[in-house]
Amino acid sequence: MRPVIGVISDVKASNGHVVHGVTEKYIYAVARGAQAMPVLIPGTISAVDADMAPERAVIDEIFDLVDGIFLPGSPSNVGPQHYGDAPYDPPLPADPHRDDISLPLIRGALERGVPIFGVCRGFQEMNVALGGTLFQKLYEQEGRFDHREDSTQDIETQYGPAHDVALEPGGLLAGIAGASTWRVNSLHGQGVAKLAPGVAVEARAEDGTIEAFRVPDAPGFNMAIQWHPEWRFWQDRLSTGIFTAFGAAARLAAERRRGGARLKAVG
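Every value quoted in this text rests on a predicted model; they were computed, and no experiment measured them.

What counts, and at which threshold
Note on numbering: residues in each chain are counted from 1, in written sequence order. Residues qualify for local features only when their pLDDT is at least 70, as the model is predicted, and side-chain atom pairs are given and counted only at 80 or more; totals for whole chains, interfaces and linings, by contrast, use all residues. Only heavy atoms go into the side-chain values, all of them from the structure, while hydrogens and water stay out. A run of H or I in DSSP becomes a helix once it reaches four residues, and a run of E becomes a strand once it reaches two; helices and strands are each numbered from the N terminus. Residue exposure (1.4 Å probe, protein chains only): buried if accessible area is under 20% of the type maximum, exposed if over 50%, otherwise partly exposed. Between two residues, a contact is recorded if the distance between any of their heavy atoms is within 4.5 Å. Only four residue types enter the charge count: Lys and Arg as positive, Asp and Glu as negative, with His and the chain ends excluded. Positions of charges follow a simple convention, taking NZ of Lys, CZ of Arg, CG of Asp or CD of Glu. Each helix should span, by expectation, one fewer than its residue count multiplied by 1.5 Å. Axis definition: a line fitted to C-alpha atoms, over the contacting stretch in the case of helices. Angles run 0 to 180 degrees between N-to-C directions. Working rule for handedness: look at the near helix, and if it is turned counterclockwise from the far one by less than a right angle, call the crossing left-handed; if clockwise, right-handed. Each residue receives one of three labels: charged for Asp, Glu, Lys and Arg, nonpolar for Ala, Val, Leu, Ile, Met, Phe, Trp, Tyr, Cys and Pro, and polar for the others, Gly being one of them. A pair of strands is labelled paired if DSSP reports no fewer than 2 bridges between them.

> Which residues make up the overall build of the protein, and what are the values?
Each helix and strand counted, the protein has 7 helices and 13 strands in total. Residue burial in the protein is summarised as follows: out of 267 residues, 51% are buried. Across the protein, every contact between residues at least 6 apart in sequence was considered, and the portion connecting residues at least 24 apart equals 71%. Put simply, the protein has 24 plus and 33 minus side-chain charges, and the middle of one group is 7 Å from the middle of the other.

Have a look at this one:
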């Protein structure tokens, strides 16, 4: 059986309804790149069509079901109140229903040794969940490049290679790549301001922006990446290697979880 990887959903309004969903490229990367069964995890369930209070998923119940957590990118941003900052006026796109689930899930996964992989917004969520802060508008910071995509271009150009990152010597990404630098895409408006304590940088852009990190002392696989390795991962050796490593870690976690379940059943 394939390992089960929970994919965090965005929550947004659509034609008068509330929709929980994930862009398919992320689901495909988990299914094919990690060779896993992707299962969507909803954000806070508000039940706007029924008479009930908003319901928050129970974290322990989620970990009873999954062997890994994947945090995809999104047009929305982590609420600045989670890292002690004030929102802009007008506020930037947010998704508090996703924040409610993703932030405690990150901490829970790292504590339990459940494999976890965050991309773009997921990268930023991991930094915030662990005590770091963000630049809400990275492109306004002195000395930093504008890391956003050109929205006037077609999707192929937007996700095309944009700049090099320096891979940390001895790091996990450098080992997978077999190189000291890598060419990546760039589609983000926010970035790390203060790196969370206890994490190790895995990659930096030429302007000093942190592009990847991991928590070396946490048990199990964990990785946070600012660029988009899910985009046509099979065409890029580093992207392929990252998803392969994530899937392998989830398979080991699945063996432990299912073995524990069998022992409980016997007992």
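> Which residues make up helix H3 (residues 96-112), and what values do they have?
Three or four residues apart is the spacing at which side chains of an α-helix point the same way, because the helix has 3.6 residues per turn. The terminal C-alpha atoms of H3 lie 24 Å apart, and with 17 residues this matches the ideal 24 Å at 1.5 Å per residue to within 8%. Buried within H3 we find Arg 98, Asp 99, Ile 101, Ser 102, Leu 103, Pro 104, Leu 105, Ile 106, Gly 108, Ala 109 and Leu 110. After H3 finishes, the residue Gly 113 shows a positive phi value of roughly 75°.

> Account for the packing of H3 against helix H4 (residues 121-129), with residues named and values stated.
Working note: a packed helix pair is described by the angle between its axes plus the distance between those axes. In contact at an axis separation of 9 Å, H3 and H4 are set at 65° when each is read in the N-to-C sense. The crossing of H3 and H4 is right-handed. Residues Arg 98, Asp 99, Ser 102, Leu 103, Ile 106 and Arg 107 of H3 form the contact with H4, whose participating residues are Arg 121, Gly 122, Glu 125, Met 126, Val 128 and Ala 129. Its residues placed into classes, the contact of H3 with H4 shows 5 nonpolar, 2 polar and 5 charged.

> An account of the pairing of strand E13 (residues 222-225) is requested, with residue identities and associated values reported.
Residues Asn 222 and Ala 224 point to one face of E13 and Met 223 and Ile 225 to the other, with burial holding for every one of them. Where strand E6 (residues 116-119) meets E13, 4 bridges bridge the pair, whose relative direction is parallel. The residue bridging Val 119 from the neighbouring strand is Ile 225, located in E13. Bridge count between strand E12 (residues 210-214) and E13: 2 bridges; the pairing is antiparallel. Among the inter-strand pairings, Ala 212 is bridged to a residue of E13, identified as Ile 225.

> Explain H4 residue by residue, including any values.
The buried fraction of H4 amounts to 9 of the 9 residues, a majority that puts the element mostly inside the structure. Within the span of H4, buried status applies to Arg 121, Gly 122, Phe 123, Gln 124, Glu 125, Met 126, Asn 127, Val 128 and Ala 129. Where H4 terminates, the next one or two residues include Gly 131, which has phi positive at roughly 105°.

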